[in-house]
Each structure stands twice: as C-alpha cells, then as structure tokens.
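Coordinates in review
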Amino acid sequence: MGQSLSVRNLDAWYGSNKTLKGINMEIPANQVTAIIGPSGCGKSTFVRCINRMHETLPGSKVNGEILLDGKNIYEEDPVELRKTVGMVFQKPNPFPSMSIYENVVAGLRLNGVRNREKLRAIAEKSLRMAALWDEVYDRLNYSGMSLSGGQQQRLCIARALAVEPSVLLMDEPASALDPIATLRIEELILELKNQYTIVIVTHNMQQAARIADSTAFFLSGELVEHGPTSQIFTNPKDKRTEDYITGRFG
C-alpha cells in the first residue's frame, strides 16, 4: 500500500540559486497529487528531493524534512529509500542493451534477487500492472528499445513497480507521448493509486484536472496553493493560481 508524505520547511539550492523556499505540504497515501506551475518553478526539484536524487547533483543542497510514514528520509540510506520511492522520468529510458524482461527485473537483480521463478513471477506481475503484458508476453527477449514510445514508458513504470515501492514519482511521464499513449498512462495512474501514493509533475493542466485528487501550484520556488483539484481549478484562493490556470502567464 501507499505511504503518506509530510514535507516540512523544505529548501533546496543549485549552487547559489535557491530553487525551493520553505515548502510545507501533506501528501496523502493512495492519492494522486499533481504538481503544476510554469517552467523553472521548482516542480522537478521538488520530486527529486522526495527520492533524494537532487543531492546527487554537484553543488546542490537541501534543508528541511520529508517524512515518509513519520520517518525523515534524510536520516535513511538513499539506496534503501529508492526501493520505497520509485521514479518515472519525462522521456522513456529503458536500458538500451537489455531485453524487455531484463529491464523489468534490473532493480531486483541489483537488490540481490537471483531466484529465476521469483524474477519471472514479479516481471509478469509488474508488466500486467503497467498494462503491458498482453502486448509483450511473447517477445520478452526483444530489446526494450524495440517498443513504441508509449510502451517504453509503461516498461519504465513496470521497472519501477518491480521493486515494490510504496510511492511512485512521475516527472511529466506523458509529455513525450502521443494522445493515445498519454491516455493509457493516465488510465494506468488511476488504477495504480489503489496501491501506491503517486506524485506527478505535469505542465498539462487538463491532465492534472483529469487524474489528480489534489493539486499543488508552485511559482518561483514557492508553494502558492495546495488543495483538492476541483477547488484549485474552479475556486482558487490565491490570485496567482487563478492567473496561471486561466492562462494569464506561464
């Protein structure tokens, strides 16, 4: 099942540039939380802080706390944390030298799983959960790069699910895809929230309105407003949110 997140006084820097400024927000378990805002507002930095990828960049720094089910992730081993907090990126990134099957089980092998039956069972389960099994079950030994863009993105989702995380971070997962592939990813997200907590960065406000339970609007590194998606889109409390949503800037 998904786990809840509490973000407390989170600041982040790239060198001397402060990209997140005192973010406080609650992310409930088993819901989809959308992060919206113009380019450069801190959306991607925010999700990269949740699985501690931000600090891997040279010159980056983080202050504050992110609690995952009450435990501060900055006091945990980042490698262990990334088993619990999976990530799907903007561009599909299957491992090019690996088959479809090996892509899915790569994280399990890294974690020391060697049992063939177990690997096969988890690979099938993950591909089914990513709504890809029926399309690839008879060509698991083909290269992951042989798939279409939308299939590659679902393969990356299957790879993230295979290590059984409780939180799934998605950084604009459909922005490189055509409308039909995008719809498949959105349907998948709505199914997956029954078992995972999902945080999705999206520049597509219609997408946020379709799939998110709550939406957070970021601007210049600050969290301007966070609330139920319907309220953010129809009755925002902050004029800057209204201006962004109605297309006056961004």
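Further up the page is the structure itself.
A short tour of the structure in this document, coming up.

**Concerning the pattern of salt bridges**
The full count for this structure, using the stated rule, is 12 salt bridges. Measuring nitrogen to oxygen at the nearest pair gives 2.9 Å for the salt bridge that ties E135 to R154. Highlighted residues: E135 in helix α5 (residues 133–136) and R154 in helix α6 (residues 149–162), separated in sequence by 19 residues. The buried category is assigned to R154, whose relative accessible area is 5%. One salt bridge connects D243 with K239, and the closest N-O pair in it is separated by 2.9 Å. One end of the pair is D243 and the other is K239, both in helix α10 (residues 239–245) and 4 residues apart, which spans about a single turn.

**As for α6**
Look at α6: 20 Å from first C-alpha to last across 14 residues, which is about the 20 Å you get at 1.5 Å a residue. For α6, the tally of buried residues reaches 13 of 14 residues, placing the bulk of the element in the interior. Phi turns positive, to about 55°, at E164, one or two residues after α6.

**Description of unusual backbone geometry**
With glycine set apart, most residues show a phi of negative sign, and most peptide bonds adopt trans. The backbone phi angle of N9 is positive, close to 50°, even though this residue is not glycine. The residue E172 is not glycine, and still its phi comes out positive at about 50°. Mapped onto the elements of the fold, E172 is located in the loop between β7 (167–171) and α7 (179–192).

**What to know about the environment of T45**
Checked against the element boundaries, T45 lands in helix α1 (residues 43–50). Along the primary structure T45 and G221 are separated by 176 residues, whereas in three dimensions their C-alpha atoms are 9.1 Å apart.

**Section: the pairing of strand β4 (residues 60–68)**
With 8 bridges connecting them, strand β1 (residues 5–14) and β4 associate as antiparallel partners. When the sheet's bridge partners are listed, V7 is paired in β4 with I66. Summarising the sheet, β4 and strand β5 (residues 71–72) pair through 2 bridges and their orientation is antiparallel. By the bridge assignment for β5, L67 is matched with N72. Counting the residues that bridge the hairpin from β4 to β5 gives 2 residues, and of these D69 lies at a positive phi of roughly 50°.

**Brief notes about the sheet that holds strand β10 (residues 222–228)**
The sheet built from 6 strands is open, its strands ordered β6-β7-β8-β3-β9-β10 with mixed pairing. Unpaired on one side and paired on the other, β6 (85–88) and β10 mark the two borders of the sheet. Strand-to-strand, the axes of this sheet are offset by a mean angle of 15°, without reference to chain direction. Sheet analysis places strand β3 (residues 32–36) next to strand β9 (residues 214–219), joined by 4 bridges and oriented parallel. Looking at the pairing, A34 lines up with T215 of β9.

Rules of the game
Residues numbered from 1 in each chain as written. Predicted model: local features only at pLDDT ≥ 70, side-chain atom pairs only at ≥ 80, totals over all residues. Heavy atoms only, no water. Salt bridge = Lys/Arg side-chain N within 4 Å of Asp/Glu carboxyl O. Helix = DSSP H or I, 4+ residues; strand = E, 2+ residues; numbered from the N terminus. Buried < 20%, exposed > 50% of the residue type's maximum accessible area, 1.4 Å probe, protein only. Expected span 1.5 Å × (residues − 1). Pairing = 2+ DSSP bridges. Axes fitted to C-alpha atoms, helices over the stretch in contact; angles between N-to-C directions.

By themselves, these are just geometric observations and shouldn't be taken as functional.
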